[in-house]
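So you can see what is in the structure, the chains are spelled out below.
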Amino acid sequence: MTRTVVAGVDGSRESVAAADWAAREALLRGLPLRLVHAWEWPPYDDGSASGTASADPQRHWAERIPRETRSALLERYPGLTVTADQIAAAPAAALLSAAADAELLVLGSHGRSGVEHLLTGSVALAVVARATRPAVLVRAGTAAEDGPYGDVVLGLDLVRPSEAVLGFAFDAAARRGAVLHVVHGWNPPSVYGYAPAAVAPDLGAEMAGYESDALARALAPWREKFPELDIVPEAVIGSAAGHLVEAASDASLVVLGRRPRPIAPGPRIGSVSRAVLHRVTAPVAVVPHE
């Protein structure tokens with residue numbers, strides 16, 4: 001079965017930007033695009049005429065969203081195959097179901113400010129935290145990129161580097177003909193209190209060299225698979241979040257991994273991912289992995 005790129009739409013500016021980004025990504029991957037609008041229909045069994053009358057405009061509005069979004073995308077991207085589905089279900093459940101067999105899921109994101117629409121607030125984060133396929137969050141106002149593309153920025157955890165995350169980032173950079181900027185954040189051992197200034201200069205240089213060598217070893221097999229890619233590895237001291245935000249200032253895509261967190265009360269995204277999602281303006285892909 002051919003996978004699709006799935007985009008959640010709810011009529012907000014953020015979801016319009018997400019649908020447009022998803023359309024360009026679908027063309028880049030040679031895949032069809034599926035638009036999904038989930039809506040929990042109001043009850044109609046109260047027997048009152050006023051209840052039915054008030055629900056009809058909401059139903060009409062909900063049915064227009066995927067239809068009009070599809071028409072606009074086909075006008076902008078005539079070579080694209082687009083389907084639009086209206087699903088009567090809770091948004092998070094409907095999107096997770098639609099994304100289960102998708103190449104990737106694309107949702108709108110507002111970062112720190114803005115009104116929390118269905119797909120840009122808690123629902124979006126809940127979906128990203130539970131999705132079994134890569135999910136991309138896109139801000140409103142994201143500029144269309146037909147090339148040349150900005151860097152693809154990868155935040156890499158060297159404790160357990162994931163093949164799924166590395167593969168997604170390398171593939172994304174290759175498709176775009178973009179530079180792949182790999183950021184690995186590290187801290188001194190806890191005996192130093194996570195204070196770089198407490199580490200002797202010679203020992204600090206030795207630690208930095210070790211981290212840089214470890215990063216190079218993790219990337220070596222992928223360099224062989226993608227010899228045409230321009231790769232910029234960066235092992236930096238301190239929290240990865242701040243360095244990723246800085247590296248993402250002109251990026252076309254940021255790629256992060258997400259491991260299951262069985263100890264947490266329900267699915268969560270990590271602190272680095274949350275910080276990056278709130279602070280960067282570039283689209284952010286969160287790739288689940290074991």
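As the structure is a computational prediction, the values presented were derived from the model and not from experiment.

Draft legend 1. Spatial organisation of the overall build of the protein. Along the backbone of the protein there are eight helices and ten strands. For the protein, with 290 residues in total, the buried portion stands at 45%.

Draft legend 2. Geometry of the packing of aromatic side chains. Taken as a whole, this structure holds three aromatic pairs when the rule is applied. Geometrically, the ring pair formed by Trp222 and Phe226 is stacked, given 6.4 Å between the ring centres and 15 degrees between the ring planes. Phe226 carries the same exposure label as Trp222, and that label is buried. Through pairs of rings, three or more aromatic residues link up here, namely Phe170, Trp222 and Phe226. Sitting over the ring of Tyr149, Arg176 keeps its end group 5.6 Å from the ring centre. One residue, Lys225, lies across the ring of Trp222, its end atom 4.1 Å from the ring centre.

Draft legend 3. Representation of the environment of Phe226 in the model. Within the secondary structure layout, Phe226 lies in the loop between α6 (201-225) and β8 (231-237). We classify Phe226 as buried; its relative accessible area is 15%. Taking the C-alpha atoms as reference points, Phe226 and Ala174, 52 residues apart in sequence, are found 7.6 Å from one another. Filtering out sequence-adjacent residues up to four positions away, Phe226 remains in contact with Phe170, Asp171 and Ala174.

Draft legend 4. Spotlight on the nonpolar core. Counting 48 residues, the largest nonpolar core has Leu33, Val106, Leu154, Phe170, Leu253 and Val255 as its most contacted members. When sequence neighbours within four positions are dropped, the list of residues in contact with Leu33 reads Val5, Ala7, Ala19, Ala22, Ala23, Ala26, Leu73, Leu80, Thr81, Val82 and Thr83. In terms of nonpolar packing, the next biggest core, distinct from the first, is built from 33 residues, Ala102, Val245, Leu277 and Val284 among them.

Draft legend 5. Fine view of the sheet that holds strand β1 (residues 5-8). Taken together, ten strands build an open sheet; the order of strands is β3-β2-β1-β4-β5-β10-β9-β6-β7-β8 and the sheet is mixed. Since the sheet does not close on itself, it has two edges, and those belong to β3 (82-87) and β8, each with one partner. Neighbour-to-neighbour, the strand axes of this sheet turn through a mean angle of 20 degrees, independent of strand direction. In this structure, strand β2 (residues 33-38) lies alongside β3, joined through six bridges in parallel fashion. Residue Leu35 lies in a different strand from β3, and its bridge partner there is Ala84. Sitting on the sheet, helix α7 (residues 240-247) touches β6 (152-155), β7 (180-186), β8 and β9 (253-258), and the angle it makes with β7 is about 160 degrees.

Draft legend 6. Summary view of the packing of helix α3 (residues 91-99) against helix α4 (residues 122-130). For the pair α3 and α4, interaxial distance at closest approach is 9 Å and the crossing angle is 35 degrees. Between α3 and α4 lies a crossing whose hand is right-handed. For the pair formed by α3 and α4, the contact residues are Pro91, Ala92, Leu95 and Leu96 on the first element and Val123, Val127 and Arg130 on the second. Partitioning the contact of α3 with α4 into residue classes produces six nonpolar, no polar and one charged.

Draft legend 7. Inspection of the confidence of the model for the protein at higher detail. Counting all residues, the mean pLDDT for the protein is 84, and 80% of those residues have values of 70 or more. For residues 112-120, every residue scores under 50 in pLDDT, and the model assigns this stretch 28 contacts once sequence neighbours within four places are set aside.

Draft legend 8. Representation of helix α8 (residues 271-279). If you check which residues of α8 are buried, you get Ser273, Val276 and Leu277. Down the axis of α8, the buried side of the element spans an arc of 100 degrees, and every buried residue falls inside it. The inward-facing, buried residues of α8 abut β4 (104-109), α4, β5 (135-139), α7, β9 and β10 (284-288).

Draft legend 9. A look at the packing of α7 against α8. Running from amino to carboxyl end, α7 crosses α8 at an angle of 30 degrees, the nearest separation of the two axes being 9 Å. With respect to α8, the element α7 is oriented roughly parallel. Between α7 and α8 lies a crossing of right-handed hand. Residues Ala241, Leu244 and Val245 of α7 touch α8, and the partners they reach there are Val272, Ala275, Val276 and Arg279. Residue composition of the contact of α7 with α8, grouped by class: six nonpolar, no polar and one charged.

Conventions we followed
Residues numbered from 1 in each chain as written. Predicted model: local features only at pLDDT ≥ 70, side-chain atom pairs only at ≥ 80, totals over all residues. Heavy atoms only, no water. Helix = DSSP H or I, 4+ residues; strand = E, 2+ residues; numbered from the N terminus. Buried < 20%, exposed > 50% of the residue type's maximum accessible area, 1.4 Å probe, protein only. Phe/Tyr/Trp six-rings, centres within 6.5 Å; stacked < 30°, edge-to-face > 60°. Lys NZ or Arg CZ within 6 Å of the ring centre and 35° of its normal. Contact = heavy atoms within 4.5 Å. Core = buried A, V, L, I, M, F, W, Y, C linked by side-chain atoms within 4.5 Å. Pairing = 2+ DSSP bridges. Axes fitted to C-alpha atoms, helices over the stretch in contact; angles between N-to-C directions. Left-handed = near helix turned anticlockwise from the far one by under 90°. Nonpolar A, V, L, I, M, F, W, Y, C, P; charged D, E, K, R; others polar. pLDDT = per-residue confidence, 0-100. Arc of directions from axis to C-beta. Parallel < 35°, antiparallel > 145°, perpendicular 65-115°, else oblique.

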